[in-house]
Amino acid sequence: RMQNSGSKPCSCPSLKLREVVSMYFTLIAAFLVILVVALQGSVPRGSDFPYKVPLDPQGLLELSWNVSYPEQAVHFQLLVRDLQFGLLFGMSDRGEFENADLAVLWSDGHNSYFGDAWSDAKGQLHMDSQQDYQLLGARRAPEGLYLLFRRAFSTCDPKDYLIEDGTVHLIYGILEKPVPSLQAINISAIHGGLQRVQLLKPNISIPELPSDVKTMEITAPDVVIPSQETTYWCYMAELPEGFPKHHIIMYEPVVTAGNEALVHHMEVFQCAAEFDSFPHYNGPCDSKMKPDRLNYCRHVLAAWAMGAQAFYYPEEAGLAFGGPGSSRYLRLEIHYHNPLVFKGRRDSSGIRLYYTATLRRHDAGIMELGLVYTPVMAIPPGEDAFVLTGYCTDKCTQLALPAAGIRIFASQLHTHLAGRKVVTVLSRDGRERQVVNSDGHYSPHFQEIRMLKEEVAVFPGDELITTCTYNTQDRSRATVGGFGILEEMCVNYVHYYPQTQLELCKSAVDPGYLHRYFNLVNRFNDEEICMCPQVSVPQQFYSIPWNTFNRDVLKSLYSFAPISMHCNKSSAIRF
């Protein structure tokens, strides 16, 4: 049996129920529900949940959901395959169990209870005075128990998580023993974890596929997933000889059955056209055996992350591949996340491309916005929210974009491990007009190409400003910009049409002004910092004593100093 905060009075309350009801302080008495019977009311059907993701690595908990923009609410369906004494499900800023917003189902061994709860900074659970997870139903099925509940995007309750565009860190926990009350649940002792998803999927109409559409699967060749937590697997595939130009108009994941919880994300890259051939390779991307030439396969054709659906190009555009000036070689990269260290699992996952020989009106293009990969942009250690901004200036768009402008329809945000937030805004005539893409809970472990809710038109003279927020509280020395995983990036790969020659529109601080900063630090600090030209910029950053003065001056340097602008065509030639 299950109690839920509702409107019907409860018949024959037991002592335990009275205790629970008193915890609902401002709420009306709860009512009993027999789990097998679904509640009355609007319960969406199973087919009404288009999005699905496994929560835990074993696949015991499976979440499906739908988004109602008219109601400004999300409906969740949680399948529990092996229910013991209850579970926790919820959301928090970065996937921690402290300061989390939770829906809790628990049993004291006799009765079952459901409620909206929150955890404080110490991880102690409290019943929420405003119940915003609404239980709509529960039903048993051969595969397990289905729980249906609803949650508004915004509840105006300070204890609740605000569901926004971008990444959401979902958390779950399984109760393996009965608990006398909600407060008795010890968060640190339960078996739990986190899963990242984009909850608010764009509500876009799916374009019709043409009659001559063909498919091609770029998949791993039955590889054995290594028995370690994290593996990036690389596999080289090639297009047939003389493959003419086609447009990719859609792609979707192909995930080997049983491996849904292990395949974390996948990307297909096209190799650089300047090389006639690329070596065959099938192995870990970080292996010493991997040929160096594979580093020239960096042009993204498709990217998928767990919880994502099929990706569709708008009707007017397709992504060109094949034909002259286009490499026949493709690199598939799969990130396997195997925290339970399963051994001997075989996998043939990958991406299925849908393509057509009937070319659409426009080629789609990909443009890099943000910061140039350079050590002149750095983040001091011990910062909780250090902000860096990269500009695509009005001068560059004026030179490079057609008079009719371009339309951005998708975006992939990218930083390395210290990135926490990324946003790109469009500015016109010195005023912010529109957010292109924003992720306030960004995670470097969850990077997918996201279709935008609506296309963003960019005209000559517009500016695109990309801002990244970093956390370096766990680091003892400065983090500089660069390609290494412990260096940083701030990039938004925007997908747009019609394709132009502009492939990169990014900035960095003017190096001359940075040199003045180092001189200033030298003058104001007792410790000598070698500013001799032969010392590299990273070495100079590493030798700075990070007192408040040096931090604040660097922040203001980055916000007022002139910038060096990169407005580049594909072969790194500047406009």
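Rules behind the numbers
- Residues numbered from 1 in each chain as written.
- Predicted model: local features only at pLDDT ≥ 70, side-chain atom pairs only at ≥ 80, totals over all residues.
- Heavy atoms only, no water.
- UniProt positions renumbered as here; feature names shortened; annotations may be inferred.
- Phe/Tyr/Trp six-rings, centres within 6.5 Å; stacked < 30°, edge-to-face > 60°.
- Helix = DSSP H or I, 4+ residues; strand = E, 2+ residues; numbered from the N terminus.
- Buried < 20%, exposed > 50% of the residue type's maximum accessible area, 1.4 Å probe, protein only.
- Salt bridge = Lys/Arg side-chain N within 4 Å of Asp/Glu carboxyl O.
- Disulfide = S-S within 2.5 Å.
- Pairing = 2+ DSSP bridges.
- Axes fitted to C-alpha atoms, helices over the stretch in contact; angles between N-to-C directions.
- Polar contact = N/O pair within 3.5 Å; in protein donor to acceptor, adjacent residues only side chain to side chain.
- Contact = heavy atoms within 4.5 Å.
- Parallel < 35°, antiparallel > 145°, perpendicular 65-115°, else oblique.
- Left-handed = near helix turned anticlockwise from the far one by under 90°.
- Nonpolar A, V, L, I, M, F, W, Y, C, P; charged D, E, K, R; others polar.
- pLDDT = per-residue confidence, 0-100.
- Expected span 1.5 Å × (residues − 1).
- Arc of directions from axis to C-beta.
- Domains from an automatic or database assignment.
- Buried area = accessible area lost by both parts, 1.4 Å probe.

In the nomenclature of an unreviewed UniProt entry, the chain is known as Dopamine beta-hydroxylase of Atrichornis clamosus. Heading Function (unreviewed entry) of the UniProt record for the chain holds this comment: "Catalyzes the hydroxylation of dopamine to noradrenaline (also known as norepinephrine), and is thus vital for regulation of these neurotransmitters."

(A) Seen up close, the packing of aromatic side chains. Under the counting rule described, the total for this entry stands at 21 aromatic pairs. Centroid distance tyrosine 51 to tryptophan 65: 5.6 Å. Interplanar angle 40 degrees. Geometry classified as tilted. You can see tyrosine 51 sitting in strand β3 (residues 51–54) and its partner tryptophan 65 sitting in strand β4 (residues 61–68), a full 14 residues away along the chain. Each of the two residues, tyrosine 51 as well as tryptophan 65, counts as buried. Here the aromatic rings of tyrosine 69 and phenylalanine 153 are separated by 5.9 Å at their centres, their planes lie at 75 degrees, and the arrangement is edge-to-face.

(B) View of the UniProt feature "domain: DOMON" (unreviewed entry) in the chain. Mapped onto this structure's residue numbering, the UniProt feature "domain: DOMON" (unreviewed entry) falls at residues 59–175. In this annotation, residues 59–175 is assigned 0% helix and 56% strand; the end-to-end C-alpha distance for the span is 16 Å.

(C) Region of the structure containing the pattern of salt bridges. Scanning the entire structure with this criterion turns up 19 salt bridges. For aspartate 439, the salt bridge identified is with arginine 450, shortest N-O distance 3.1 Å. Of the two residues, aspartate 439 sits in strand β32 (residues 431–439) while arginine 450 sits in strand β33 (residues 450–458), which places them 11 residues apart along the sequence. Given a relative accessible area of 2%, aspartate 439 falls into the buried group.

(D) Spatial organisation of the state of the cysteines. Counted under the stated rule, the structure contains five disulfides. Bridging cysteine 271 to cysteine 297, the disulfide has an S-S length of 2.1 Å. Disulfide cysteine 271-cysteine 297: torsion about the S-S bond near 90 degrees, hence right-handed. One end of the pair, cysteine 271, is in the loop between β18 (263–270) and β19 (282–284); the other, cysteine 297, is in the loop between β19 and β20 (299–305), and 26 residues separate them in sequence. Taking relative accessible area as the criterion, cysteine 297 reaches 0% and is therefore assigned buried. Linked covalently through their sulfurs, cysteine 396 and cysteine 567 form a disulfide whose S-S length is 2.0 Å. Across the S-S bond of cysteine 396 and cysteine 567 the torsion is about 85 degrees, and the bridge reads as right-handed.

(E) Representation of the sheet that holds strand β34 (residues 463–470) within the structure. Pairing is antiparallel in the open sheet, where four strands are placed in the order β29-β34-β31-β32. Only two strands of the sheet have a single neighbouring strand rather than two, namely β29 (386–392) and β32. Adjacent strand axes in the sheet meet at a mean angle of 20 degrees, parallel and antiparallel pairs treated alike. The pairing of strand β31 (residues 419–428) with β34 spans eight bridges and is antiparallel.

(F) Main features of the side chain of asparagine 471. Within the fold, asparagine 471 resides in the loop between β34 and β35 (479–480). Within the structure, the side chain of asparagine 471 is placed 3.4 Å from the backbone oxygen of aspartate 384, a separation counted as a polar contact. Setting aside its immediate chain neighbours within four residues, asparagine 471 contacts Glu383, Asp384, Ala418 and Arg420.

(G) Expanded view of the packing of helix α3 (residues 511–524) against helix α5 (residues 548–560). Two numbers describe how α3 lies on α5: the axes approach to 11 Å, and their chain directions differ by 160 degrees. Overall, the two elements α3 and α5 adopt an arrangement that is roughly antiparallel. Remark: the crossing between α3 and α5 carries right-handed chirality. Facing α3, whose interface residues are Tyr513, Leu514, Tyr517, Leu520, Val521 and Phe524, α5 presents Phe549, Asn550, Val553, Leu554 and Leu557. The class makeup of the residues in the contact of α3 with α5 is 10 nonpolar, one polar and no charged.

(H) Structural view of the confidence of the model for the chain. In this model, the chain carries an average pLDDT of 88, and 90% of its residues clear a pLDDT of 70 or more. Throughout residues 5–43 the model reports pLDDT below 50, and contacts reaching past four residues in sequence, or to other chains, amount to 71 contacts.

(I) Inspection of the sheet that holds strand β16 (residues 230–238) at higher detail. Strand order in this open sheet of five strands is β19-β16-β23-β18-β20, and the pairing throughout is antiparallel. In this open sheet, the two edge strands, each paired with only one partner strand, are β19 and β20. Averaged over neighbouring strand pairs, the angle between their axes works out to 15 degrees when direction is ignored.

(J) Spotlight on α3. Counted at 1.5 Å a residue, the expected span for α3 with its 14 residues is 20 Å, and the 20 Å between its end C-alpha atoms agrees. Along α3, the residues that are buried comprise Leu514, Tyr517, Phe518, Val521 and Asn522. Viewed end-on, α3 has its buried residues packed into an arc of 140 degrees, placing them on one side of the element. Within α3, the exposed residues directed more than 90 degrees away from the buried face are Arg516, Arg523 and Phe524. Looking at the packing, one finds that the buried side of α3 touches β37 (504–509), α4 (537–542) and α5.

(K) Layout of the domain arrangement of the chain. Under the domain assignment, the chain is made up of domain 1 (51–197), domain 2 (205–360) and domain 3 (363–574). Of note, the centres of domain 2 and domain 3, computed from C-alpha atoms alone, are 28 Å apart. Taken together, the contact pairs 22 residues of domain 2 with 15 residues of domain 3. Summing both sides of the interface, domain 2 and domain 3 together bury roughly 1500 Å²; the carbon and sulfur share of this comes to 64%. Counting every contact that joins domain 2 to domain 3 gives one salt bridge. Its salt-bridge partner being lysine 245, residue aspartate 363 comes within 2.9 Å of it at the nearest N-O pair.

(L) Summary view of α5. The end-to-end C-alpha distance of α5 is 18 Å, a good match for the 18 Å that 13 residues give at a rise of 1.5 Å each. When we look at burial in α5, the residues that qualify are Asn550, Arg551, Val553, Leu554, Leu557 and Tyr558. Summarising the contacts, the buried residues of α5 are in contact with β28 (378–379), β29, β37, α3 and α4.

(M) Highlighting the environment of aspartate 510. Note that aspartate 510 resides in the loop between β37 and α3. Accessibility expressed as a relative area gives 24% for aspartate 510, which makes it partly exposed. Separated by 147 residues in sequence, aspartate 510 and aspartate 363 have C-alpha atoms that sit 34 Å apart. When residues no more than four places from it in sequence are discounted, the contact partners of aspartate 510 are Pro562, Ile563 and Ser564.

(N) Quick peek at the environment of proline 511. Structurally, the position occupied by proline 511 is in helix α3. The spatial distance from the C-alpha of proline 511 to the C-alpha of serine 564 is 7.8 Å, given a sequence separation of 53 residues.

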